[in-house]
Amino acid sequence: VMESSLTARDRVGVQDFVLLENYNSEAAFIENLRRRFGENLIYTYIGSVLVSVNPYKELEIYSKQQMERYRGVSFYEISPHIYAVSDNTYRAMRTERKDQCILISGESGAGKTEASKKILLYYAVTCPTNDHMATLGDRLLQSNPVLEAFGNAKTLRNDNSSRFGKYMDVQFDFRGAPVGGHILNYLLEKSRVVHQNHGERNFHIFYQLLDGGDNDLLTTLDLERKPQNYHYLVKGNCPRLSSVSDKNNWKVVMKALSVIGFTEEEVQKLLNIIASVLHLGNTQFGEGEEGETYITTETQITNLAKLLGVDGAALGEALTHKKLTAKGEEMISPLDFEQAVSARDALAKAVYGRTFTWLVEKINQSLALKDEIYHSGKGCSVIGLLDIYGFEVLQHNSFEQFCINYCNEKLQQLFIELTLRSEQEEYETEGIAWETVQYFDNKIICDLIEEKHKGIISILDEECLRPGETCDVSFLEKLEDTLGGHPHFVTHKLANGKTRRVMSREEFRLLHYAGEVNYNINGFLDKNNDLLNRNLKEVMCQSDNQILSHCFRREEVIDQKRPEMAATQFKNSLTKLMEILMSKEPSYVRCIKPNDAKQPGRFDEVLVRHQVKYLGLMENLRVRRAGFAYRRRFEAFLQRYKPLCPETWPNWHGRLADGVSALVNHLGYKAEEYKLGRSKIFIRFPKTLFTTEDALEAKKPDIVIVIQSGWRGMKARRRAKTRRQAAELIRRFIKGFIYRHEEYCPENEYFLDHVRYSFLKNLRKNLPKSVLDKNWPTPPPSLIEASEHLRRVHMRNMVMKYCRRVQPEWKKQMMQKVVASEIFKDQKDSYPQGVGRLFLDSRLEREQINLKVIQTLANDKVQYGVSVVKHDRRGFKPRSRQLLLTNTFAVLVDRTKLKQRIDYTALRGISVSSLSDGMFVLHLPNEDNKQKGDLVLHCNHVIELVTKLAMMASKVNYVNISPGSIRFAMARGKEGIIDFVRGSELKVTKGKRGHLLVTAPRINST
Ligand SMILES: Nc1ncnc2c1ncn2[C@@H]1O[C@H](COP(=O)(O)OP(=O)(O)OP(=O)(O)O)[C@@H](O)[C@H]1O
Ligand SMILES: [Mg+2]
């Protein structure tokens, strides 16, 4: 909480510079930054502007939890953070339905790009996603590695320096989900393609390709792995970087390209171009005897022709000759050595620069809003992110620095305008008289640069277009003629003695809002012209590489009108950018780098002071502090400070404004110290606020006591209340118990409800888990019927679930068991044991049945087989047999012989005993006396066998279970009897009167 950290201000400084007492002191400003930096507090506000110091180390403040912390929280309630700015901007867009932009500035290496990535990530993570655009967040994030590979390079000041300016719009739908994006790019530093300063590198993509591309790819591109072999990569003498892995980044970039939607063919075409730039660099020239220039490296031309998809001879010709049109006639003139070299470099730059623009367009297509309903733009809000080069002052400043600083001059102008505008608006809505702010208006410098006809850019263009001999020096002279006497423009000639000593004759000096910069005029004309020979353009137009034929348009060659000069192009794009930004509500992130060594923990005061100055931070602060240091909504102010005044403590019930009024009167604020607006209090000096804060600190022990006693009282009251309620409850319960047998009435309703409720609750926990579990809690009288319903429903439910799970195999088994139970349940002693066992498909293995038997049976397949003992009808002699069941008959087999066939249709019945023996009798027809009689058999699996037989023969109802004895037919009308008794073990013996006596073992359960 910001207010609470007011107390920690001595250790970590203030987290909003507006609270600096001495806001005009640069030293105090820097001291505050330094103190916070020492505590890893890299973010500080100037009002709503975020100042960020590059920590040069990973801080643990960017996690998902941190994002959550900042979500939807009021800006000042929590420590300053890039997420606070992101969130605040997002919410302003949502609630005020106004487009927003976040302008990130700072010098190279200060952390602008990192900041913009953090903002994007915050949105990607925290915003709702639009289902059919779920991948947009991905594509937005993935556009970064691609743009960085092609547009970033290692410089002395930053290992990953953006060499182009970038403005990115993120579009959100009415629900706040990101649905589209658009990127504008500014002024790519093309000169880097052909030249790098010592210790610097070309754009990352070249090294990534050489390091990460696989052998096949390099072979198709005719490339070798070593960057040292390429002239365009050795200028800076720095092929590798310790801080980044080109190989890994290559993979990242290739992945990103596919996420964004580049086809394999497009990637190939793109890489052809990248490779061709390297081959161009290795294209060398020689000088002939008559001064003519020729190409000494023909293989390069062959490679180039292939990669660029152009005619090799035409390319060679165009690299060494120039086509001129003079008086309507075309002339070809040879180039000298130097001209050829610069024509080649110009081609490399043009090819790379235009390809970069194509890349941005392509990314834009991928990010574009696809949905028709958004095309109207209605319901869609935008947050723009500007990551653009900060003010730049180098040892030698050239055309590029001129453009960059001009851009910053424009941004400063915008900042002043918008900040003053919003200050003024706030004063107006709050009904406070506007107090004029003294500030430096840099319009005069902007005009100096951009004014039509008189400005530096106009003069530069004029000089480029002027016929006759022009050179950089004539440009300088022209500047002196036109601008001499301007308060912000000086040259060696115009300067006084003191300045003269520190300026060279080839420089002009501009007094920017941020400070003085000397620009060396060498190269201004060339860079502004940015010329590519016409015949080179012609060759490129004919390329069959689609990217190149898109980049080099035929119209360009035919059209005689000169394209706009570089500076003018830049000016126009800036004007457009300003329009875009003006239409939005801005937030600012100002990045500072703490040292030049890219090291953590080092705070170089001189360096920081320099940036504080060039970023115009003191000016920021002055504008912001012009009126009041501190402003808060009434409720927030009252809430915090109400203990300081008896009238407002503990609660103020009147109008907020009156409460604040009473409070400040009591505190003795003087009239000039504060103003009350409509909804906010404005406090002019931080001192006033700090005094109040200290008073609050002193008051805290008192408040603690008040809160403590209040808390204790409340706890005691709460305890008493609980007791009272408990007693009442017990009383009702007892009464209910007494009346429990009465009809439902007020006396017993609580009790009865409770009984029912607890029955149901208990039931829920103790439901039977299986169909076999017959337990069921006993219901109270009032629920007997319901309980019975529930039990049935539950049972049905379990059964249903069970059936659904049953496999076909198991189902068959179950059906047999059901039949077995119909026949035997509660009838035969061995049933409980027999039914528990698995019924097998057959008790005989295939090989146990003689082959002959199977052949004899032929088409009647054996469905089930089992070993049985047959007892002769007479004498009951036991004989081992097999009983085989087919679909229509059973057959008794003695090894190879079929002894007896029993057609199912002829089966009259089956008898078994009620005991645990395996004896069974098959009753056969006995109408005539030729029949041999019934079959007396014994089987160890009698339950299984009889069940199967009964099922196959459809004789389930023909099974008799006889308790004492079974009568059976013998030959010639005689009758035999089997008697059954219980004994200790199974015995089959001859009994009295010629009966067969079977002793069946007792079974424990019987
Ligand atoms: N918040 C941060 N936390 C950790 N490291 C950071 C942070 N911001 C910047 N850095 C480090 O500083 C380096 C430079 O940052 P960045 O590339 O964002 O600078 P820049 O302002 O975009 O510079 P340029 O103008 O050259 O593009 C990063 O590569 C990273 O190592
Ligand atoms: Mg950058």
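Residues numbered from 1 in each chain as written. Chains lettered and ligands numbered in written order. Predicted model: local features only at pLDDT ≥ 70, side-chain atom pairs only at ≥ 80, totals over all residues. Heavy atoms only, no water.

Per an unreviewed UniProt entry, the protein chain goes by the name Myosin Ic, paralog a and belongs to Sander lucioperca. Recorded under Sequence similarities (unreviewed entry), the UniProt text for the protein chain is reproduced unchanged: "Belongs to the TRAFAC class myosin-kinesin ATPase superfamily. Myosin family." (UniProt positions renumbered as here; feature names shortened; annotations may be inferred.)

Caption draft 1: The overall build of the protein chain, seen in detail. For the protein chain, the count of helices and strands is 36 helices and 31 strands. Expected size for 1006 residues packed as a compact globule is a radius of gyration near 30 Å; at 49 Å, the protein chain overshoots this value by more than 25%. If you line up the protein chain on its principal axes, its C-alpha atoms span 155 × 100 × 50 Å. Looking at the protein chain as a whole, 51% of its 1006 residues are labelled buried. Partitioning the contacts of the protein chain with sequence separation of at least 6, the portion at a separation of at least 24 is 63%. Of the roughly 50,000 Å² that the protein chain leaves accessible, carbon and sulfur atoms contribute 51%. Across the protein chain, the 147 positively charged side chains and the 125 negatively charged ones have centroids separated by 15 Å. (Helix = DSSP H or I, 4+ residues; strand = E, 2+ residues; numbered from the N terminus. Rg over C-alpha atoms; globule rule 2.2 N^0.38 Å. Buried < 20%, exposed > 50% of the residue type's maximum accessible area, 1.4 Å probe, protein only. Contact = heavy atoms within 4.5 Å. Areas by Shrake-Rupley, 256 points an atom, 1.4 Å probe, with all protein chains shown as cover. Lys, Arg positive; Asp, Glu negative; His and termini not counted. Charge placed at Lys NZ, Arg CZ, Asp CG, Glu CD.)

Caption draft 2: Quick peek at the coordination of the magnesium ion (ligand 2). Looking at the metal site, the magnesium ion (ligand 2) is ligated by Thr113 (OG1) and Ser162 (OG), spaced 1.9 to 2.0 Å from it. Here the residue threonine 113 occupies a position in helix α6 (residues 112–126), and serine 162 occupies one in strand β5 (residues 161–162), the gap between them amounting to 49 residues. This pair shows no difference in class: threonine 113 is buried, exactly as serine 162 is. (Donors = N, O, S within 2.8 Å, 3.2 Å for Na, K, Ca; no water.)

Caption draft 3: A look at the packing of aromatic side chains. On inspection of all chains with the given rule, the structure shows 33 aromatic pairs. Ring geometry for phenylalanine 475 against phenylalanine 524: centres 5.8 Å apart, planes inclined by 25°, an arrangement best described as stacked. Taken together, the residues phenylalanine 475 in helix α19 (residues 472–483) and phenylalanine 524 in helix α21 (residues 524–529) connect sequence positions 49 residues apart. Phenylalanine 524 carries the same exposure label as phenylalanine 475, and that label is buried. When the centroid spacing of 5.4 Å and the interplanar angle of 65° are considered together, the rings of phenylalanine 628 and phenylalanine 682 count as edge-to-face. Separated by 54 residues along the polypeptide, phenylalanine 628 in the loop between α27 (617–625) and β17 (630–633) and phenylalanine 682 in strand β19 (residues 680–683) bring together distant segments of the chain. Given the relative accessible area of 0%, phenylalanine 628 is considered buried. Assessed through its relative accessible area of 0%, phenylalanine 682 is described here as buried. Looking at lysine 817, its charged tip hangs above the ring of phenylalanine 839, at a distance of 4.8 Å from the centre. (Phe/Tyr/Trp six-rings, centres within 6.5 Å; stacked < 30°, edge-to-face > 60°. Lys NZ or Arg CZ within 6 Å of the ring centre and 35° of its normal.)

Caption draft 4: Up close: the nonpolar core. Membership of the largest hydrophobic core comes to 201 residues, with the highest contact counts inside it found for Phe29, Leu33, Phe150, Phe206, Phe402, Phe508 and Phe637. Sort the elements by how many residues they give to this core and helix α15 (residues 337–367) lands first, with 14 residues. Counting 34 residues, the second largest nonpolar core, distinct from the first, contains Tyr831, Val866, Val868 and Tyr904. (Core = buried A, V, L, I, M, F, W, Y, C linked by side-chain atoms within 4.5 Å.)

Caption draft 5: Geometry of the environment of isoleucine 30. Turning to its location among the elements, isoleucine 30 is positioned in helix α3 (residues 26–38). Spatially, the C-alpha atom of isoleucine 30 lies 68 Å from that of alanine 727, the residues being 697 residues apart in sequence. Beyond its immediate stretch of four places on either side in the chain, isoleucine 30 contacts Phe603, Glu605, Val608, Arg609 and Val612.

Caption draft 6: Spatial organisation of the packing of helix α8 (residues 204–212) against helix α11 (residues 246–260). At their nearest, the axes of α8 and α11 sit 8 Å apart, and the two run at 100° to each other. In terms of orientation, α8 lies roughly perpendicular with respect to α11. For the pair α8 and α11, contact is made by Ile205, Tyr207, Gln208, Leu209, Asp211 and Gly212 and by Asp246, Lys247, Asn249, Trp250 and Val253, respectively. Of the residues belonging to the contact of α8 with α11, the class tally is five nonpolar, three polar and three charged. (Axes fitted to C-alpha atoms, helices over the stretch in contact; angles between N-to-C directions. Parallel < 35°, antiparallel > 145°, perpendicular 65-115°, else oblique. Nonpolar A, V, L, I, M, F, W, Y, C, P; charged D, E, K, R; others polar.)

Caption draft 7: How the structure looks around the site of ligand 1. Around ligand 1 lies a shell of 18 residues, among which Ser108, Lys112, Thr113, Ser161 and Ser162 are the nearest. Here an oxygen atom of ligand 1 sits 2.6 Å away from a polar atom, N or O, in the side chain of serine 108. Here alanine 110 contributes a backbone N or O atom positioned 3.3 Å from an oxygen atom of ligand 1. Across the complex, the protein chains shield 87% of the 630 Å² of accessible surface that ligand 1 would expose by itself. At the level of secondary structure, the elements contributing two or more residues to the shell around ligand 1 comprise α6 and β5. Counting residues per element, the shell around ligand 1 draws most heavily on α6, at four residues. Class assignment for the residues of the shell around ligand 1 results in four nonpolar, nine polar and five charged. (Near = heavy atom within 4 Å. Polar contact = N/O pair within 3.5 Å; in protein donor to acceptor, adjacent residues only side chain to side chain.)

Caption draft 8: Summary view of the sheet that holds strand β26 (residues 935–938). Pairing within the open sheet is mixed, and its eight strands lie in the order β23-β22-β21-β20-β26-β25-β24-β27. The open sheet terminates on both sides in strands that have one partner only, identified here as β23 (897–903) and β27 (959–962). Between one strand axis and the next, the sheet turns through 30° on average, direction left out of account. Here strand β20 (residues 864–871) pairs with strand β21 (residues 878–885) via eight bridges, running antiparallel. In the sheet register, tyrosine 864 faces β21, and the bridge partner there is leucine 885. (Pairing = 2+ DSSP bridges.)

Caption draft 9: Here's a closer look at the pattern of salt bridges. Inspection of the entire model under this criterion finds 58 salt bridges. The partner of lysine 190 in a salt bridge is aspartate 530, with the nearest N and O atoms 2.7 Å apart. Of this pair, lysine 190 sits in the loop between β7 (178–186) and α8 while aspartate 530 sits in the loop between α21 and α22 (534–541), placing them 340 residues apart in sequence. Judged by its relative accessible area of 42%, aspartate 530 is partly exposed. For the salt bridge of lysine 323 with glutamate 538, the shortest nitrogen-to-oxygen distance reads 2.7 Å. Of this pair, lysine 323 sits in strand β10 (residues 321–326) while glutamate 538 is found in helix α22, placing the two residues 215 residues apart along the sequence. Residues joined in a network through salt bridges with shared partners are Glu26, Glu31, Arg34, Arg35, Glu605 and Arg609. (Salt bridge = Lys/Arg side-chain N within 4 Å of Asp/Glu carboxyl O.)

Caption draft 10: Inspection of a negative patch on the surface at higher detail. On the surface, a cluster of negative charge is made up of Glu287, Glu289, Glu290, Glu292, Asp336 and Glu338. The residue glutamate 338 is located in helix α15 in this model. (Patch = residues over 30% accessible without salt bridge, like charges linked within 9 Å, V, L, I, M, F, W, Y side chains within 5 Å.)

Caption draft 11: Structural detail: α15. With 31 residues, α15 should cover 45 Å at 1.5 Å per step; its first-to-last C-alpha distance of 45 Å lies within 8% of that length. The N-capping residue of α15, defined by a side-chain oxygen 3.2 Å from the backbone nitrogen of glutamate 338, is aspartate 336. (Expected span 1.5 Å × (residues − 1).)

Caption draft 12: Focus on the side chain of lysine 571. One can find lysine 571 in helix α25 (residues 566–582). Among buried Asp, Glu, Lys and Arg side chains, lysine 571 stands out as unpaired, with glutamate 450 the closest opposite charge at 6.1 Å. Apart from residues no more than four positions distant in its own chain, lysine 571 is found in contact with Tyr406, Glu450 and Ile457.

Caption draft 13: Structural view of the sheet that holds strand β29 (residues 975–983). Pairing is mixed in the open sheet, where four strands are placed in the order β28-β29-β31-β30. Edge positions in the sheet fall to β28 (965–969) and β30 (987–990), since each has one partner strand and no second. Strand-to-strand twist of the sheet, defined as the mean angle between neighbouring strand axes without regard to direction, takes the value 25°. As judged from the six bridges shared by β29 and strand β31 (residues 996–1001), these two strands associate in the parallel manner. Among the inter-strand pairings, aspartate 979 is bridged to a residue of β31, identified as leucine 997.

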